[in-house]
Amino acid sequence: MIAVVGSLNLDLVTPVPKHPVPGETVLGGDIAQHPGGKGANQAVAAARLGGQVSFVGRVGDDDAADIMLGAARSEGVETTHIVRTPGVPTGRALISVDPAGENAIVVSPGANSRLSAADCEAAADLLRRARVTVLQQEVPDEANHAAARLAGGTVVYNPAPAVTGAVPPPRVDVLVPNRTELAALTGTSVPATLDDVAAAARKLTGMGAVIVTLGADGVLLLEGTAQLHIPAFTVRPVDTTAAGDSFCGALAVALAEGSTLEQAARWACAAAAISTTRPGAQPSLARRDEVDAFLAR
Ligand code: ADP
């Protein structure tokens, strides 16, 4: 079983002719709403790939909470430890997209910001039993720290989004940053070359194994003193939203099934590559049979 501790956001997406500058109002197109949030995306990614997934998180007591809980359940994610929070809105992301496809995003964490160490302690039994516990950075550090302390299996920490001043959990087995998040963790500028990425990532190997995701350049895996570059699969990407979430969910499934880190990272690259060939976040996430067919090409 995989435990995902993290955020649930209702994404509200509006096309705009141009992004407003401060003080300006622009008229957008029809709004669309989709389930999102890094925690929810990673949980759905893992469930769609055949993982048995339980979620630890918080929603508000509004309509968005029902949408988020319904979406998680319809993907087979177990929601007993998603707590409703009276008087607080469910997390939402306000996303405007201009004609060039450029996003401007405001996240209102709402109930996600209320997830506490006590919430994780209430899910202690689940966290102890989980083969893999997956954490991100859209809930308070105290919740992540408690979850990592309670986790009986492998702790995968995706330090996303990059938050200045965030403190990584006391125990991490596999750290999965992208280039920007790696820079935030090491206090360096965003590393450009593979050598720069390796030098920065090496500073973090004291925490655990490190897998730096590099978009179309694949991943760099560092485990102890060993270092391996795994190239990305060649695809025609149309929307790379949630590629990182797809990777983390898939990595968790493979690790829970007993794959080595290298096998798991390769498999996760395949799932993530598929997700870039389709628009959206959760709708783009791959099913297991698709990954198998993709790898058998
Ligand atoms: P994030 O979305 O967190 O910034 P990345 O952009 O690094 O994460 O993408 C995560 C993974 O998704 C990459 O390591 C790679 O395996 C896969 N991926 C992303 N973009 C592409 C692409 N253009 N082609 C193939 N695979 C990709």
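Conventions adopted
- Residues numbered from 1 in each chain as written.
- Predicted model: local features only at pLDDT ≥ 70, side-chain atom pairs only at ≥ 80, totals over all residues.
- Heavy atoms only, no water.
- Phe/Tyr/Trp six-rings, centres within 6.5 Å; stacked < 30°, edge-to-face > 60°.
- Helix = DSSP H or I, 4+ residues; strand = E, 2+ residues; numbered from the N terminus.
- Buried < 20%, exposed > 50% of the residue type's maximum accessible area, 1.4 Å probe, protein only.
- Contact = heavy atoms within 4.5 Å.
- Axes fitted to C-alpha atoms, helices over the stretch in contact; angles between N-to-C directions.
- Parallel < 35°, antiparallel > 145°, perpendicular 65-115°, else oblique.
- Left-handed = near helix turned anticlockwise from the far one by under 90°.
- Nonpolar A, V, L, I, M, F, W, Y, C, P; charged D, E, K, R; others polar.

Chemist: Could you clarify how one ought to interpret the packing of aromatic side chains in this entry?
Modeler: Two descriptors summarise a pair of aromatic rings, namely the distance from one centre to the other and the angle between the planes of the rings. Scanning all chains against the criterion turns up one aromatic pair. Pairing F233 with F294 gives two aromatic rings, centres 5.3 Å apart and planes at 70 degrees, and the pair type is edge-to-face. Of this pair, F233 sits in the loop between β13 (226–230) and α8 (243–256) while F294 is found in helix α10 (residues 288–295), placing the two residues 61 residues apart along the sequence. A relative accessible area of 27% places F233 in the partly exposed class. On the basis of relative accessibility, which here comes to 12%, the residue F294 falls in the buried class.

Chemist: Can you help me understand helix α1 (residues 38–48) in this one?
Modeler: For an α-helix, the turn length of 3.6 residues means that residues three or four places apart are oriented alike. α1 sits mainly inside the fold: ten of its eleven residues count as buried. Those residues of α1 lying buried are G39, A40, N41, Q42, A43, V44, A45, A46, A47 and R48. Directly after α1, the chain includes G50, whose backbone phi takes a positive value near 100 degrees.

Chemist: Any chance you could explain the environment of F233 here in plain terms?
Modeler: Between the C-alpha atoms of F233 and R129, which are 104 residues apart in sequence, the distance is 34 Å. Ignoring sequence-local partners within four residues, the contact set of F233 consists of R266, C269, A270, A273, F294, L295 and R297.

Chemist: Help me understand the packing of helix α6 (residues 179–186) against helix α7 (residues 194–202), please; the structure alone is not making it clear to me.
Modeler: In a pair of packed helices, the angle between the axes and the distance between the axes together describe the arrangement. It is the contact of α6 with α7, at a shortest axis distance of 10 Å, that shows an interaxial angle of 45 degrees. Judged by the angle between their axes, α6 and α7 are oblique. In the crossing of α6 with α7, the sense of the turn from one axis to the other is left-handed. Across from R179, L182 and T186 in α6, the residues of α7 making contact are V197, A200 and A201. Split into classes, the residues belonging to the contact of α6 with α7 amount to four nonpolar, one polar and one charged.

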